[in-house]
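# Structural overview
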Amino acid sequence: MAVLDILANRTSTPLLQAPAPSHAQLRQLYPVIMRAPDHARLRPCRLIIVEGEGLDALGRIYCETAEQDGQDDAARQKLAKAPSRAPMVIVVVATVQEHPKAPESEQLISAGCSAYALMLGLEELGYGAMWRTGWVAYDERVKQRLGLASNEHVVGYLYVGTPASKEKKVPEPPAFEERVSFFTGEAS
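Residues numbered from 1 in each chain as written. Predicted model: local features only at pLDDT ≥ 70, side-chain atom pairs only at ≥ 80, totals over all residues. Heavy atoms only, no water.

## A few points about the overall build of the protein chain
Condition: Helix and strand definitions here come from DSSP, where helices need a minimum of 4 consecutive H or I residues and strands a minimum of 2 consecutive E residues; each element is numbered from the N-terminal end. Between buried and exposed lies partly exposed: a residue is buried under 20% and exposed over 50% of the maximum accessible area for its type, with that area taken using a 1.4 Å probe on protein chains only. The contact definition used throughout considers only heavy atoms, calling two residues in contact when any of these lie within 4.5 Å. Charged residues are defined here as Lys and Arg on the positive side and Asp and Glu on the negative side; His and the ends of the chain fall outside this count. Charged side chains are reduced to one point each, which is NZ for Lys, CZ for Arg, CG for Asp and CD for Glu.
From N to C terminus, the protein chain includes eight helices and five strands. For the protein chain, the succession of helices and strands along the chain, N to C, is α-β-α-β-α-α-β-α-β-α-α-β-α. With respect to the three principal axes, the spread of C-alpha positions in the protein chain is 60 × 45 × 35 Å. Evaluated residue by residue, the protein chain yields a buried proportion of 40% over its 188 residues. A separation threshold of at least 6 residues defines the contact pool for the protein chain, and within that pool the share at least 24 residues apart is 82%. Positive and negative side-chain charges of the protein chain, numbering 20 and 23 respectively, have mean locations separated by a distance of 4 Å.

## Some remarks on unusual backbone geometry
In this structure, P19 follows A18 across a cis peptide bond, with omega equal to 5 degrees. Look at A40: it is not a glycine, yet its phi comes out positive at around 75 degrees. Relative to the elements of secondary structure, A40 occurs in the loop between α2 (23-33) and β2 (45-51). A positive phi is found at R41, a non-glycine position, where the angle reads about 50 degrees. The topology assignment puts R41 in the loop between α2 and β2.

## So, the packing of helix α3 (residues 53-68) against helix α4 (residues 73-81)
Rules: Here the axes come from fitting lines to C-alpha atoms, over the contacting stretch only for helices, and the angles between their N-to-C directions go from 0 to 180 degrees. Throughout, the term roughly parallel applies to angles under 35 degrees, roughly antiparallel to angles over 145, roughly perpendicular to angles from 65 to 115, and oblique to all others. By definition, turning the near helix anticlockwise from the far helix through less than a right angle yields a left-handed crossing, and turning it clockwise yields a right-handed one.
α4 packs onto α3 with a crossing angle of 160 degrees between their chain directions and a minimal axis gap of 7 Å. Considered as vectors, α3 and α4 are oriented roughly antiparallel to each other. For the element pair α3 and α4, the recorded crossing hand is right-handed. Residues G59, Y62, C63, A66 and E67 of α3 lie in contact with α4, whose contacting residues are R76, L79 and A80.

## Concerning the layout of surface pockets
Worth spelling out the cut-off: Only protein atoms enter the 1 Å grid used here. Points where a 1.4 Å probe fits but cannot escape make up a cavity, open sets with protein on both sides within 12 Å along at least five of seven lines make up a pocket, and a residue lines them when an atom lies within 4 Å of a point. Grid points are joined across faces, edges and corners, and a volume is the space filled by probe spheres set on the points. Charged means Asp, Glu, Lys or Arg here, nonpolar means Ala, Val, Leu, Ile, Met, Phe, Trp, Tyr, Cys or Pro, and polar covers whatever is left, Gly included.
Here the largest pocket defines a volume of roughly 380 Å³. Taken together, 16 residues make up the lining of the largest pocket; nearest its centre are T13, P163, S165, E167 and K168. Tallied by class, residues from the lining of the largest pocket come to five nonpolar, six polar and five charged.

## Considerations on the packing of aromatic side chains
When we look at a pair of aromatic rings, we describe it by the centre distance and by the angle of the planes. Short version of the rule: Put simply, two rings from Phe, Tyr or Trp (the six-membered ring, in Trp's case) pair if the centres are within 6.5 Å, and we call them stacked under 30 degrees between planes, edge-to-face over 60, tilted for the rest. In this analysis the charged atom, NZ for Lys or CZ for Arg, is taken to sit over a ring once it is within 6 Å of the ring centre and within 35 degrees of the ring normal.
One pass over the full model with this rule turns up two aromatic pairs. With centroids separated by 5.7 Å and ring planes inclined at 85 degrees, the aromatic side chains of Y62 and Y157 adopt a geometry described as edge-to-face. Of the two residues, Y62 is situated in helix α3 and Y157 in strand β5 (residues 152-163); the sequence distance between them amounts to 95 residues. As far as the burial class goes, Y62 and Y157 line up, both buried. An angle of 40 degrees between the planes, with centres 6.5 Å apart, marks the rings of F176 and F182 as tilted. When the ring centre of Y159 is taken as origin, the NZ or CZ atom of R132, which lies over that ring, is 5.1 Å away.

## Quick look at the environment of R76
Mapped onto the secondary structure, R76 falls in helix α4. Residues R76 and E186, spaced 110 residues apart in sequence, show a C-alpha to C-alpha distance of 56 Å. Ignoring anything within four residues of it in the chain, the contact list for R76 reads C63, A66, E67 and Q71.

## Concerning the packing of α2 against helix α5 (residues 104-124)
Interaxial distance between α2 and α5 falls to 9 Å at its minimum, and their mutual angle equals 135 degrees. Comparing the axis directions of α2 and α5 gives the class oblique. Considering only the axes of α2 and α5, their crossing is right-handed. Here L29, V32 and I33 of α2 come into contact with α5, specifically with S114, A117, L118, G121 and L122. For the contact of α2 with α5, a count of residues per class yields six nonpolar, two polar and no charged.

Structure (structure tokens):
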């Protein structure tokens, strides 16, 4: 599939099943994610691959953190099962460094671009992905239990696997004129 076709037809895949990409396929995609725009070549993106028993462990982290917050049993059980909605979860992490020309926002955007490049690469290999965040992406206790340093942030949890359905509904984008303008430098 041509790059423009992949970009124009990309959509999130909420229903995922086994198989997930192999470690060899993830290694094949690694150079792709490291080509994201990256001011000062800081390479702020790193990945944590969660699969197998790790999915249950991640669910327990969510559940235990929710329990500390006093969330009810139904909410905790939903969180405990959340990572098992796919055979693999890839935690995309931004490692932010002090730099005079690359502020934190640029480094977070760069890691986000890496996550998007990963999703596109997965699609090219025949897999689907769903980018999720929510409070579990921003909670310091969850981040600590995942082994993140104080200068690291979860950009997203990519739920990854084989699409459960071959049917793909690609929503129409907003009209070009609604979202694009041309600046000429002349006062309006």
